[in-house]
Each structure stands twice: as C-alpha cells, then as structure tokens.
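# Reading the structure
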Amino acid sequence: MNLVEILKWYASISGIIAAFMVSLDLGRRITGWGFVLFVTSSIAWICGALMTKDEPLWTQNIVLFGINCLGIYRYLIRRKKPVHDD
C-alpha cells in the first residue's frame, strides 16, 4: 500500500467516524471532537488529492477544512452565551 492509498483510506474512515460522532448529537464536546476528526480527514484528502492531481477533490476539501474549523470553534472554543428568558 503506497502513501496515497494510506491517506485516502485514513481520510475515508476518519470521515465516516466523524460523521457518526456529529450525527449522534451526544453533546458539544463529542460533536466538537467529531469536527477535529473531520479536519484531519480533510487534510488527508487534500494531501492525497494534491499527490494525484485531483483538483476537484482538493478544492472541495479546502472548503470543508474551513467549515470544519468553524465547527471546532463553535463547539470546542467559543463559550456558549447563556439563554435568557425575556
């Protein structure tokens, strides 16, 4: 198995696990760590796609990388504002 195949398999499997973590909705922390896993998946897809000159795949995953970073910020970094009943 060469490096590109390893990257693609890691990206695929980690993306599946991350999607499962986010879809379970077990709380902010689990969802946030799902986004961390999505980021690593995007990085692996970007690297594999660049190595194989698959422009649509690396373009898509650069965008997904940014979206997943936003997910990390929202679920792991940002402090949720308290809800006020008015």
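First, a word on scope: everything that follows refers to the structure included in this document. (Residues numbered from 1 in each chain as written. Predicted model: local features only at pLDDT ≥ 70, side-chain atom pairs only at ≥ 80, totals over all residues. Heavy atoms only, no water.)

## A short note on the environment of Val39
With respect to the helices and strands, the residue Val39 is situated in helix α2 (residues 28–51). Separated by 28 residues in sequence, Val39 and Ile67 have C-alpha atoms that sit 8.9 Å apart. The residues touching Val39, leaving out its near neighbours within four places in the chain, are Phe65, Asn68, Cys69 and Ile72. (Helix = DSSP H or I, 4+ residues; strand = E, 2+ residues; numbered from the N terminus. Contact = heavy atoms within 4.5 Å.)

## Observations concerning helix α1 (residues 3–24)
Counted at 1.5 Å a residue, the expected span for α1 with its 22 residues is 32 Å, and the 32 Å between its end C-alpha atoms agrees. Along α1, the positions that sit buried rather than exposed are Val4, Leu7, Ala11, Ser14, Gly15, Ala18 and Met21. Here the buried residues of α1 occupy an arc of 130° about the axis, which is enough to place them on one side. Of the exposed residues in α1, the ones pointing more than 90 degrees away from its buried face are Trp9, Ile16, Phe20 and Ser23. Where α1 is buried, its residues meet α2. The N-cap residue of α1 is Asn2: its side-chain oxygen and the backbone nitrogen of Val4 are 3.2 Å apart. Just downstream of α1, Asp25 is the residue with a positive phi angle, here 50°. (Expected span 1.5 Å × (residues − 1). Buried < 20%, exposed > 50% of the residue type's maximum accessible area, 1.4 Å probe, protein only. Arc of directions from axis to C-beta. Polar contact = N/O pair within 3.5 Å; in protein donor to acceptor, adjacent residues only side chain to side chain.)

## Let's talk about the environment of Gly32
On the secondary structure map, Gly32 appears in helix α2. Considering only alpha carbons, one finds Gly32 and Ile77, 45 residues apart in sequence, at a separation of 8.9 Å. Gly32 has contacts with Ile72, Tyr75 and Leu76, leaving out every residue within four places of it along the chain.

## Remarks on the packing of aromatic side chains
Within this structure, the stated rule accounts for 2 aromatic pairs. On the basis of an interplanar angle of 25° and a centroid distance of 5.7 Å, the ring pair of Phe35 and Tyr75 is categorised as stacked. In this pair, Phe35 is assigned in helix α2 and Tyr75 in helix α3 (residues 55–77), connecting sequence segments 40 residues apart. The exposure class of Phe35 is buried, given its relative accessible area of 14%. Each residue in the set Phe35, Phe38 and Tyr75 is aromatic and connected to the rest through ring pairs, giving one cluster. (Phe/Tyr/Trp six-rings, centres within 6.5 Å; stacked < 30°, edge-to-face > 60°.)

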